[in-house]
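Commentary on secondary and tertiary structure
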Amino acid sequence: MTNILFCYAREYPTMCYRQGMHEILAPLLFILHCDHQALLHTKELDFVSEIIDEALNERYFEEDSYVMFEKVMAAIQGSYHINDLTPSSTGYFPTQMSPTHSPISENQVLTQLEWIKEKLFAPNDPELFQHLVKLDISLPLFGIRWLRLLFGREFPLQDLLVLWDAIFSEGTKFHLVNYIVVAMLKAIRHQLLSSDYTDCLTLLMHYPTIMDISYIIDTALHLKDPKAFSKPTMTPFPQFPSPSHPEGRIIKETNKPPDKGKKPLRIPNSTSQVSLRFRSGLKDFKDKMLMVCNQLSDNLKFE
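All residue numbers refer to position in the chain's written sequence, counted from 1. Thresholds applied to this predicted model are a pLDDT of at least 70 for local features of residues and 80 or more for the giving and counting of side-chain atom pairs; totals over whole chains, interfaces and linings are not thresholded and use all residues. Each side-chain value is derived from all of the structure's non-hydrogen atoms; neither hydrogens nor water enter the calculation.

- Looking at an unreviewed UniProt entry, one finds the protein chain named Rab-GAP TBC domain-containing protein, with Clastoptera arizonana as its source organism.

Structural data, given as C-alpha cells:
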C-alpha cells in the first residue's frame, strides 16, 4: 500500500497523498488478494488456462492494484482536489493561503454537493430537504466523507463491494454516485423527519448498517433513469433500529411482562452477522493497513 500511494503521489504532484486515499485503495487490495487466493485454490483442483494464470499472477499484484487505484482516483479526484493548492517540490503543502485564495469556494466536492442538493435532492424530496434546512444540516457535514471515501465507512465491506460494482458498471465518470447520495437520504427519510438535530446528525454520520444495499442501488438507478428502472417496491430494512441499538433490532414488547433481571431479546440482522465474520477475517489485514498508513505519513511528511 505504501509503495502504491507513494508512486501515485509522485506521478500526480498536484494531488499527492490526501487523507482518505488509503481507504479507497484498501478494498481494491483486498479484492485482488482474494482473486489470487481463489486462483491458487482453483489450480489445486482443476486446470487453469495460461491467460487466466497470467492475468491473476501474484507477481503483478502491485501493478494491478496501482492501475485500478489510478482509474478510481481519476473519477473521484474532484472530491480531493482544491484549486490552486499544490505542494512544493519537496512534498509540503503551503501552511498559509494567499489573500486571494478561498479553499472553501474552490473545493470541487462542495460544488458537486451543491449540484446534488439543487438538482436532485430538493426536487425529489422537498419535504425532507426543508426539514434538514430547518435543522441547519447541510450536505457537506456528511456528504464530503460519503463522496471522498465512496461510501466506504457507511456500509459493511461485503455491501460496499456490491455498491462499487454498480458504480463502476455505469462508466468511468461515476455519475451514479450523485444519485446514491439522494437514495441513501430517501432510505432513512422517515427516521430523519421524526428526529431532531442531534438524532438526524447521528443517523447521517453513522449510517444504519442493516440497510439493504439492493434498495440503495435500485433507488439510485430509478432516480437516474425512471423510464429504464422502476421504483423499488422492497423496504430498505425489515425494522429500523433505535439510535441506541444501531447494530440490530429489538423485538416489540408483548403483553406479557418480561422476567425481572432479564434483558430484552436482541436479534442481530443477517447483514451484521456477515459483517462480524468479515471483521474477524480481516483483522490482520486492517492492522497491516494501519501500519503502512502510519509509515506512509512518516515517509511522505505531507500535511
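On we go.
Focus: the overall build of the protein chain
- Secondary structure elements are defined from DSSP: runs of H or I of at least 4 residues count as helices, runs of E of at least 2 residues count as strands, and each element is numbered from the N terminus. Counting its regular elements, the protein chain contains 15 helices and two strands.
- Accessibility here uses a 1.4 Å probe with only protein chains present; expressed as a share of the type maximum, an area under 20% marks a residue as buried, one over 50% as exposed, and anything in between as partly exposed. Taking all 303 residues of the protein chain together, 42% fall into the buried category.
- Contact definition: two residues touch when any of their heavy atoms are within 4.5 Å. In the protein chain, once contacts between residues fewer than 6 apart in sequence are set aside, the share between residues at least 24 apart is 69%.
- About 17700 Å² of surface is accessible on the protein chain, with carbon and sulfur atoms providing 55% of the total. Residue-level accessible areas treat just the shown protein chains as cover; the underlying method is Shrake-Rupley with a 1.4 Å probe.

Section: the nonpolar core
- Here, nonpolar core refers to any group of buried Ala, Val, Leu, Ile, Met, Phe, Trp, Tyr and Cys residues whose side-chain atoms link them within 4.5 Å. If you look at the biggest cluster of nonpolar residues, it comprises 72 residues, and the most contacted ones within it are F69, F151 and I216.
- Per element, the largest residue contribution to this core is 10 residues, and it comes from helix α10 (residues 176–187).
- Counting contributing residues, this core receives three or more from each of domain 1 (1–93) and domain 2 (108–224).
- Leave out the neighbours within four places in its chain, and F69 touches I4, L5, Y8, M21, I24, L25 and L28. As annotated, the domain borders come from an automatic or database domain assignment.

As for the pattern of salt bridges
- For this document, the term salt bridge refers to a Lys or Arg side-chain nitrogen within 4 Å of an Asp or Glu carboxyl oxygen. Inspection of every chain in the model, using the stated rule, returns 10 salt bridges.
- Between D125 and R189 there is a salt bridge; the shortest N-O distance is 2.7 Å. Highlighted residues: D125 in the loop between α6 (108–124) and α7 (126–134) and R189 in helix α11 (residues 189–193), separated in sequence by 64 residues.
- By relative accessible area, which is 3% here, D125 ends up buried.

Some words on the packing of helix α1 (residues 2–11) against helix α4 (residues 61–76)
- Helix axes use the C-alpha atoms of the stretch in contact, all axes being lines fitted to C-alpha atoms, and the angles between their N-to-C directions lie in the range 0 to 180 degrees. The N-to-C vectors of α1 and α4 enclose an angle of 50 degrees; their axes lie 10 Å apart at closest approach. Taken as axis vectors, α1 and α4 run oblique relative to one another. Between α1 and α4 lies a crossing of right-handed hand. Contacts between α1 and α4 involve N3, I4, L5, C7, Y8 and E11 from the first element and E62, S65, Y66, F69 and M73 from the second.
- Considering only residue class, the contact of α1 with α4 consists of seven nonpolar, two polar and two charged. For this classification, under 35 degrees means roughly parallel, over 145 means roughly antiparallel, 65 to 115 means roughly perpendicular, and everything else is oblique. Two helices that cross are described as forming a left-handed crossing if the nearer one is turned anticlockwise from the farther one by less than a right angle, and a right-handed crossing if clockwise. Each residue receives one of three labels: charged for Asp, Glu, Lys and Arg, nonpolar for Ala, Val, Leu, Ile, Met, Phe, Trp, Tyr, Cys and Pro, and polar for the others, Gly being one of them.

Thoughts on the packing of aromatic side chains
- Pairing of aromatic rings covers Phe, Tyr and Trp, the last through its six-membered ring, and needs centres within 6.5 Å; plane angles under 30 degrees mean stacked, over 60 mean edge-to-face, and all others mean tilted. By the definition in use, this model includes eight aromatic pairs.
- With a centroid separation of 4.8 Å and 35 degrees between ring planes, the pair formed by Y8 and Y12 is classed as tilted.
- The buried category is assigned to Y8, whose relative accessible area is 3%.
- Between W164 and F168, the ring centres sit 5.8 Å apart and the planes meet at 50 degrees, which makes this aromatic pair tilted. Pair noted here: W164 and F168 are both in helix α9 (residues 157–169), with a separation of four residues, about one helical turn.
- Feature note: the residues F142, W146, F155 and Y207 constitute an aromatic cluster, connected by ring pairs.
- Criterion for a charge above a ring: Lys NZ or Arg CZ within 6 Å of the ring centre, and within 35 degrees of the ring normal. The ring of Y80 is capped by R148, whose NZ or CZ atom sits 5.9 Å from the centre of that ring.

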